[in-house]
Amino acid sequence: NAGVTQTPKFRVLKTGQSMTLLCAQDMNHEYMYWYRQDPGMGLRLIHYSVGEGTTAKGEVPDGYNVSRLKKQNFLLGLESAAPSQTSVYFCAAGRPSGEKLFFGSGTQLSVL
Amino acid sequence: QKEVEQDPGPLSVPEGAIVSLNCTYSNSAFQYFMWYRQYSRKGPELLMYTYSSGNKEDGRFTAQVDKSSKYISLFIRDSQPSDSATYLCAMIPISSGSARQLTFGSGTQLTVLP
């Protein structure tokens, strides 16, 4: 039982490049989330999904896109990376009540 | 002003000490309060969850909520080196929206020295 798995774990991009972060869960949770974590800022919600085929914006959605084509997968895309997107990205899955989220181990992204 | 304020530390204590971690908040709609623990280079994991005011105990950990003061605390008794981690408070408002979104504090880095 892997829980929530994120790939890749590390990535270095040049400004303007694109990439996709993959999140997969094997717990059958309806809700999935993408957060970014920056020093002194805590976890900030980028986008979330309440079910297959749905997505919604969170607190800091600009510069990111997401897709939830299958219930178990939630993809985060950066179309044109910027240095301000250097961060650690976490995916999470959980029940609609929201109090218990299961997090992946994170993706450390550097944009040069 | 952030909705949730948390002292970033770092906090360093000797093994066996009692640790007090705190968060204050400004949104009176927050009704659900959580503490997550995050080890280095790992994702956060839920440690404690409380609803409304009061105390909740789980082993060496006690979560306390004072809604009148908009203040929550996590106490760790008999702290161990394995408790060394970053502790994040998180809160959810009463909402009729489609997703209950958590608001996180910025985290307190704790080191327990053997």
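Above: the structure in question.
Notes on the structure follow. (Residues numbered from 1 in each chain as written. Chains lettered and ligands numbered in written order. Predicted model: local features only at pLDDT ≥ 70, side-chain atom pairs only at ≥ 80, totals over all residues. Heavy atoms only, no water.)

Observations regarding the overall build of chain A
Line of reasoning, step 1. Of regular secondary structure, chain A possesses zero helices and eleven strands.
Line of reasoning, step 2. In sequence order, chain A lays out its α and β elements as β-β-β-β-β-β-β-β-β-β-β.
Line of reasoning, step 3. Over its C-alpha atoms chain A spans a radius of gyration of 13 Å, differing by no more than 12% from the 13 Å that the globule rule assigns to 112 residues.
Line of reasoning, step 4. Seen through its C-alpha atoms, chain A measures out along the principal axes to roughly 35 × 30 × 25 Å.
Line of reasoning, step 5. Expressed as a percentage of the 112 residues in chain A, the buried residues total 48%.
Line of reasoning, step 6. Long-range contacts, defined here as pairs at least 24 residues apart, represent 54% of the contacts in chain A between residues at least 6 apart. (Helix = DSSP H or I, 4+ residues; strand = E, 2+ residues; numbered from the N terminus. Rg over C-alpha atoms; globule rule 2.2 N^0.38 Å. Buried < 20%, exposed > 50% of the residue type's maximum accessible area, 1.4 Å probe, protein only. Contact = heavy atoms within 4.5 Å.)

Observations regarding the state of the cysteines
Residues and elements named next belong to chain B.
Line of reasoning, step 1. Overall, the coordinates contain two disulfides over all chains when judged by the stated rule.
Line of reasoning, step 2. The disulfide partner of Cys23 is Cys89, and the gap between their sulfur atoms is 2.0 Å. A torsion of -100° about the S-S bond marks the disulfide between Cys23 and Cys89 as left-handed. Placement of Cys23 in strand S3 (residues 19-25) and of Cys89 in strand S9 (residues 85-93) is noted, with a sequence separation of 66 residues between them.
Line of reasoning, step 3. A relative accessible area of 1% means that Cys23 is categorised as buried. (Disulfide = S-S within 2.5 Å.)

Overview of the pairing of strand S5 (residues 42-49) of chain A
All names here are of chain A.
Line of reasoning, step 1. The element S5 is extensively covered by neighbouring structure, given that eight of its eight residues are classed as buried.
Line of reasoning, step 2. Sheet topology note: the strand S4 (residues 31-38)/S5 ladder contains seven bridges and is antiparallel. Within S5, the position partnered with Trp34 by the bridge is His47.
Line of reasoning, step 3. Taking the residues between adjacent antiparallel strands as the criterion, S4 and S5 are bridged by three residues, where Gly40 takes a positive phi near 75°.
Line of reasoning, step 4. Examined bridge by bridge, S5 and strand S6 (residues 56-57) share two bridges and lie antiparallel to one another. Bridging across to S6, His47 finds its partner in Lys57.
Line of reasoning, step 5. Counted along the chain from S5 to the antiparallel partner S6, the turn is six residues long, and its residue Gly53 has a positive phi close to 85°. (Pairing = 2+ DSSP bridges.)

Considering the interface of chain A and chain B
Line of reasoning, step 1. Facing 22 residues of chain A, the contacting portion of chain B comprises 20 residues.
Line of reasoning, step 2. Of the roughly 1,600 Å² buried where chain A meets chain B, counting both sides, 55% is carbon and sulfur surface.
Line of reasoning, step 3. Considering only the surface of chain A that becomes buried against chain B, Leu43, Glu99 and Phe103 of chain A emerge as the three largest contributors, covering 28% of it.
Line of reasoning, step 4. Counting across the chain A and chain B interface gives zero salt bridges.
Line of reasoning, step 5. Linking chain A with chain B are two residue pairs in polar contact (both at pLDDT 80 or more).
Line of reasoning, step 6. Listed by contribution, the elements that provide at least two residues to the side of chain A that touches chain B are S4, S5 and strand S10 (101-103) of chain A.
Line of reasoning, step 7. Among the residues forming the side of chain A that touches chain B, the class breakdown is twelve nonpolar, eight polar and two charged. (Buried area = accessible area lost by both parts, 1.4 Å probe. Salt bridge = Lys/Arg side-chain N within 4 Å of Asp/Glu carboxyl O. Polar contact = N/O pair within 3.5 Å; in protein donor to acceptor, adjacent residues only side chain to side chain. Nonpolar A, V, L, I, M, F, W, Y, C, P; charged D, E, K, R; others polar.)

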